[in-house]
Amino acid sequence: MAFSLRMSEQNIWVGKFSLFPEDIAVHGISTRLGGVSKPPFESLNLALHVGDEPAAVGENRRRFCRALGFSEERLCTAEQVHGERIVRVTEAEAGRGARAYADAIAGTDALMTDVPGLPLLLCYADCTPVLLLDPVHKAAAVVHAGWKGTALGIAGKTVRAMEAAFGTRPENCLAAIAPAIGASCYEIGEDVAAKFQAAFPAFGEKIVRRVSGRPHLDLWQANYRQLEAAGLLSRHIEIAAVCTACNTGLFFSYRAEKGTTGRIGAMIALK
Ligand SMILES: [Zn+2]
């Protein structure tokens with residue numbers, strides 16, 4: 001089983017990928033269960049920018065971080081804008097955005113580091129979380145890849161940024177594609193379909209599928225193909241293959257919940 005949910009001792013569910021060695025990095029995907037936020041953010045909303053009570057988000061973050069063995073005060077987060085900016089974070093950025101969204105790293109959709117004990121967190125509701133780990137050079141990254149970021153190639157660009165910053169060799173790099181909206185639930189417009197067919201000419205029909213004549217986008221496949229094109233080995237890429245829109249009991253879904261909902265988190269920290 002590539003991806004599985006495990007209940008922590010603190011009654012918080014943590015999504016784990018079997019490919020990622022726990023002796024090198026701690027990682028986890030949160031669910032919406034076990035938090036204190038009220039509807040429509042019930043209950044483990046990890047995002048400060050969606051209109052939820054900041055104190056509730058703080059408590060939720062504390063619970064999720066504690067389940068993974070970290071302090072929420074060291075979380076490093078970003079103001080996610082569906083762009084392609086990738087930032088290398090160091091000890092100086094520990095705690096950025098941990099308490100206030102205004103303090104998060106501005107205009108950034110991928111964070112990478114080689115500093116141990118620095119938890120990187122990005123937040124999602126349907127967009128694709130991609131985790132990257134270079135077990136050789138001990139470097140990690142987390143990527144926010146919605147359709148815009150995926151079309152911009154942010155996951156592949158993060159692999160190249162890790163190569164430049166840390167000496168990461170793509171053939172050593174591990175990747176995980178966490179729960180995100182699946183193709184059957186993700187109908188898109190013809191304009192977006194055309195962008196993806198142009199961005200992925202060799203795999204167009206695998207990434208944009210027709211359901212009753214309407215285009216549907218497969219963000220899992222698009223990111224998988226992008227990581228392969230960046231030089232990752234297929235056996236080093238795990239896909240959770242869990243649709244957030246089909247599983248709103250466990251995850252938040254922007255589309256299924258019509259835009260007003262909380263966010264799950266994808267976190268990774270080097271040991
Ligand atoms: Zn679905």
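Refer to the structure presented above.
Okay, so let's go over this structure. (Residues numbered from 1 in each chain as written. Predicted model: local features only at pLDDT ≥ 70, side-chain atom pairs only at ≥ 80, totals over all residues. Heavy atoms only, no water.)

### Observations regarding the pattern of salt bridges
For side chains of opposite charge, pairing can occur when their charged atoms come near one another. Within this structure, the stated rule accounts for 15 salt bridges. Ionic pairing is found between Arg-63 and Glu-59, a salt bridge with its closest N-O pair at 2.7 Å. Remark: Glu-59 and Arg-63 occur in helix H1 (residues 54-68); sequence separation between them is four residues, near one turn of the helix. A residue is classified by how much of its surface remains accessible, and Glu-59, at 22% relative accessible area, is partly exposed. (Salt bridge = Lys/Arg side-chain N within 4 Å of Asp/Glu carboxyl O. Helix = DSSP H or I, 4+ residues; strand = E, 2+ residues; numbered from the N terminus. Buried < 20%, exposed > 50% of the residue type's maximum accessible area, 1.4 Å probe, protein only.)

### So, the sheet that holds strand E9 (residues 174-177)
Here we have six strands laid out as an open sheet, ordered E4-E5-E8-E7-E9-E12, and mixed in their pairing. Each having just a single partner strand, strand E4 (86-88) and strand E12 (237-239) make up the two edges of the open sheet. Taken over all neighbouring pairs, the strand axes of this sheet differ in orientation by 15 degrees on average, direction set aside. Two strands pair when backbone bridges link them, and strand E7 (residues 128-134) and strand E8 (residues 139-145) are joined in this way by seven bridges, in the antiparallel orientation. Across the sheet, the residue bridging to Pro-129 is His-144, located in E8. Packing against the sheet, helix H3 (residues 154-166) makes contact with E4, strand E5 (110-113), E7 and E8, and its axis sits at approximately 155 degrees to E8. (Pairing = 2+ DSSP bridges. Axes fitted to C-alpha atoms, helices over the stretch in contact; angles between N-to-C directions. Contact = heavy atoms within 4.5 Å.)

### Thoughts on the coordination of the zinc ion
Only Cys-185 (SG), Cys-243 (SG) and Cys-246 (SG) from the protein reach the zinc ion as donors, at distances of 2.2 Å. Read from N- to C-terminus, the donor residues coordinating the zinc ion fall into the pattern C-x57-C-x2-C. (Donors = N, O, S within 2.8 Å, 3.2 Å for Na, K, Ca; no water.)

Geometric descriptors of this kind do not, in isolation, establish any biological role.
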